Amino acid sequence: TVTIFDANGCSSSASQTVTVNPMPTVSVNSDTICAGGSALLTATTSASNPSYLWSPGGATTPSITVSPSATTIYLVTVTDGTTVCANSASGTVTVNPLPAVSVNSAAICTGASTVLTATTSASNPGYLWSPGGATTAAITVSPSGTTIYTVTVTDGTTTCVNSGSGTVTVNSLPTVSVNSATVCAGGSALLTATTSASNPSYLWSPGGATTASITVSPASTTTYAVAVTDGTTTCVNSGSGTVTVNPLPTVTIAPATTNVECAGAVTFTADPAGEGPLTYQWFDNLTNAIAGETN
């Protein structure tokens with residue numbers, strides 16, 4: 001109200017009303033997500049016929065879906081469509097990092113096993129391996145062929161999940177074969193290991209030889225085994241060969257001694273032990289073969 005007085009002491013008054021419209025109430029939810037996830041933020045307001053403006057982003061809808069890479073505060077300004085009064089509020093999207101996960105790889109030989117271990121930054125982690133379904137930090141595996149193993153790790157505090165994988169490479173065993181042989185007592189045989197190994201090394205038993213071939217003279221039938229190590233994969237396989245030793249036939253001659261005083265012929269008969277068929281060769285003075293005497 002204003003009152004005006006003139007010089008004569010007369011006065012007059014007038015008044016005007018200022019109407020104060022309330023600010024609209026505005027609230028925004030907050031949320032917590034894992035890195036790479038998304039959150040839905042919604043502005044709740046008392047404004048009549050409201051309009052919205054979000055920052056950052058510039059969206060003009062009551063709700064927005066956001067996927068920040070780091071913890072971010074989102075501000076919304078709401079304008080009342082009737083009073084044009086505006087108010088603001090904010091919500092925070094907290095971004096928890098994914099746990100770091102790594103798994104070792106390994107190379108094994110066919111039939112062997114290895115241990116894979118998940119290393120993680122997760123707090124109170126939970127594990128799930130595939131294939132297999134194991135739930136421990138470390139697993140022992142024996143795959144028949146090269147296999148990729150993946151572990152999913154859940155952080156027990158943030159519930160954020162991440163995965164890592166390791167490969168188990170399975171190297172095949174080298175093929176190994178050894179010839180066999182048959183000898184007579186006192187004779188020798190050559191045994192040779194044939195293998196698919198790359199840059200192989202050898203170890204024979206019995207004997208301890210380290211060459212691909214060995215010459216042996218066993219006193220009785222003997223099986224020889226060789227272990228072959230592949231110089232590239234370190235895989236080992238074995239093979240064996242048998243040297244069969246046949247005994248020499250025993251022979252006696254009748255008569256055992258003969259003194260010949262007069263010219264004439266003497267007949268000697270060989271009496272071998274054992275079964276035939278047999279072949280004979282006669283010698284005189286132990287060294288000279290007698291031609292034609294093969295009976």
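Heads up: the structure comes first, above all this text.
Residues numbered from 1 in each chain as written. Predicted model: local features only at pLDDT ≥ 70, side-chain atom pairs only at ≥ 80, totals over all residues. Heavy atoms only, no water.

## Topic: the overall build of the protein
Next, step 1: Summing up its helical and strand segments, the protein has zero helices and 27 strands in all.
Next, step 2: By the burial criterion, 25% of the 295 residues in the protein qualify as buried.
Next, step 3: For the protein, contacts bridging at least 24 residues in sequence account for 45% of all contacts bridging at least 6.
Next, step 4: When the accessible surface of the protein is totalled, it reaches about 17,700 Å², and 54% of it is carbon and sulfur. (Helix = DSSP H or I, 4+ residues; strand = E, 2+ residues; numbered from the N terminus. Buried < 20%, exposed > 50% of the residue type's maximum accessible area, 1.4 Å probe, protein only. Contact = heavy atoms within 4.5 Å. Areas by Shrake-Rupley, 256 points an atom, 1.4 Å probe, with all protein chains shown as cover.)

## Some words on the sheet that holds strand E22 (residues 222-229)
Next, step 1: Taken together, four strands build an open sheet; the order of strands is E18-E23-E22-E20 and the sheet is mixed. Strands with a single pairing partner mark the edges of an open sheet, and in this sheet they are strand E18 (181-184) and strand E20 (201-205). Going from strand to strand, the sheet's axes swing by 25 degrees on average, the running direction of each strand aside.
Next, step 2: Of the strand pairs in this sheet, E22 and strand E23 (residues 236-246) are connected by eight bridges, and their pairing is antiparallel. (Pairing = 2+ DSSP bridges. Axes fitted to C-alpha atoms, helices over the stretch in contact; angles between N-to-C directions.)

## Describing unusual backbone geometry
Next, step 1: Residues Ser130 and Pro131 are joined by a peptide bond in cis, for which omega reads 0 degrees.
Next, step 2: Tracing the backbone shows Pro131 in the loop between strand E13 (126-130) and strand E14 (138-141).
Next, step 3: Within the chain, Asn49 stands out as a residue other than glycine whose phi angle is a positive 50 degrees.
Next, step 4: Relative accessible area serves as the criterion here: at 61%, Asn49 is assigned to the exposed category.

## Structural notes on the sheet that holds strand E12 (residues 114-120)
Next, step 1: Strand order in the open sheet formed by three strands is E10-E12-E14, and the pairing between neighbours is antiparallel. Since the sheet does not close on itself, it has two edges, and those belong to strand E10 (101-103) and E14, each with one partner. Across the sheet, the axes of successive neighbouring strands diverge by a mean angle of 20 degrees, strand direction being ignored.
Next, step 2: Where E10 and E12 come together, three bridges link them in antiparallel fashion. Bridge assignment links Ser102 to a residue of E12, and that residue is Thr119.

## Topic: the state of the cysteines
Next, step 1: Summed over all chains, the structure comprises two disulfides.
Next, step 2: A disulfide bridge connects Cys34 with Cys160, and the sulfur atoms are separated by 2.0 Å. One disulfide, between Cys34 and Cys160, carries an S-S torsion of -100 degrees and so falls in the left-handed class. One end of the pair, Cys34, is in strand E4 (residues 31-34); the other, Cys160, is in the loop between strand E15 (147-154) and strand E16 (161-171), and 126 residues separate them in sequence.
Next, step 3: We classify Cys160 as buried; its relative accessible area is 0%.
Next, step 4: The disulfide partner of Cys109 is Cys235, and the gap between their sulfur atoms is 1.9 Å. In this structure the cystine formed by Cys109 and Cys235 twists about its S-S bond by roughly -100 degrees; its chirality is therefore left-handed. Remark: Cys235 occurs in the loop between E22 and E23 and Cys109 occurs in strand E11 (residues 106-109); sequence separation between them is 126 residues. (Disulfide = S-S within 2.5 Å.)

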